[in-house]
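Close look at the chain arrangement
The chain contents come next:
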Amino acid sequence: MLRNYKAVGRVLYGRNAFAQLDDIFEPLRVDAGSYVLFLLDEYFEGKDLVKRIPMKSGDLIRFMDVTDEPKTKVVDALVEEVMNEKGMAPVSVVGIGGGSVMDYAKATRLMFTNPGSSARYQGLDLIKNKGVHCTVVPTISGTGAEVSMTTVLTGPEKKLGIKGDFTPADQVVLDPDLISSVPDPQHFYTAMDCYIHNVEALNGNRKTVMGASLGRESLQLCQEIFLSGNSRTPENDEKLMVASYLGGLSLTYSEVGACHAISYGLATVTGIHHGIGNCIVFNQLDEFYPEEVKEFRKMMEINKVDLPKGVLKDYSSEDIEKMVDVALTLTFMWAHVAGPEWEKVITREKLRDLYMKM
């Protein structure tokens, strides 16, 4: 049976789109005490962007520490804190920042209407109640979190997304001006998440015409940007924002693959952030994606990016085995890579050897 996918409800796109935020929230502010909860990357605390947010009396703003990947315990604590302060859920949860902040917003809005810890819902279709309205505003592009039906969280036992029809945001605001100041090499690492999404979506058993069409267009935009010799232009900012959006959509009709499965294991043990972690892993995946890894290295050379080396040299054999354990739990990703009998191909020894190269 085909799945009837839920997509993002509305998309506001274009330069200076951020100035229209108030138009989104005004129809939602119908009851006494209505308020909006704004979640921002702590990078923006004290910055001019905060002054541009159309806050009303009663609205709340929280600056999120994204030193580590999003955690279930942070989501749970935030919801409890806000409910204790307000006694009612917000009319919208707004995530302004990168993938981590957008994932925090998408997860938090669900936990205002679903009981217990967010760790209970790590998996597919475990959320039973629609969350409150959610708006996401990317200030860095590449993760696809703005359109993804997954919100990736690290819980007490695993790193795994809350995924289902209730997860996508209701509103996304795509303003290319917001990503112009992202520093190097973070700009590159996060953008490569989009590139890798497309490579994985286009190479596997779950590829569809819909997913491949979106992925090819997104991949071409990534190539135009990072093989151009100057990735940091206003035109390329706009291309990257669109590439991230299309790349996130392509995964709805396909799946991520070897890089993401191995990267999840890496992040669970080391805490390495998703973008740079994916790059470290992808650089070792010649066996899976030979031509694309070669192109990725050319992009690094053109954009003068040097990947960290020896990131796992101080980790124990037990740590490596735990990474392997996590990677092997992601059976749906490996089935996409190597088919229903993937366990004959993707062995512990193969994964262990790949981690040892890092």
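See the structure above.
Residues numbered from 1 in each chain as written. Predicted model: local features only at pLDDT ≥ 70, side-chain atom pairs only at ≥ 80, totals over all residues. Heavy atoms only, no water.

What follows is about the overall build of the protein chain. What the protein chain contains, in helices and strands, is 13 helices and nine strands. Taking the principal axes of its C-alpha atoms as reference, the protein chain extends roughly 60 × 45 × 45 Å. The buried share among the 358 residues of the protein chain stands at 56%. Residue pairs in contact within the protein chain that sit at least 24 positions apart in sequence constitute 77% of those at least 6 positions apart. For the protein chain, the exposed surface amounts to about 15,400 Å²; the carbon and sulfur share of it is 51%. Counting 38 positive and 49 negative side-chain charges, the protein chain places the averaged centre of each group 2 Å from the other. (Helix = DSSP H or I, 4+ residues; strand = E, 2+ residues; numbered from the N terminus. Buried < 20%, exposed > 50% of the residue type's maximum accessible area, 1.4 Å probe, protein only. Contact = heavy atoms within 4.5 Å. Areas by Shrake-Rupley, 256 points an atom, 1.4 Å probe, with all protein chains shown as cover. Lys, Arg positive; Asp, Glu negative; His and termini not counted. Charge placed at Lys NZ, Arg CZ, Asp CG, Glu CD.)

The element strand β6 (residues 133–138) is largely enclosed, with a buried count of five among its six residues. In this structure, strand β4 (residues 92–97) lies alongside β6, joined through six bridges in parallel fashion. Residue pairing in the sheet places Val93 in a bridge with Cys134 of β6. Of the strand pairs in this sheet, β6 and strand β9 (residues 171–174) are connected by two bridges, and their pairing is parallel. Its bridge partner lying in β9, Val136 is registered against Val172. (Pairing = 2+ DSSP bridges.)

Tracing the chain through its elements places Asp325 in helix α11 (residues 317–329). Along the backbone, Asp325 and Lys309 are 16 residues apart, and their C-alpha atoms lie at a distance of 23 Å.

By themselves these figures say nothing about function.
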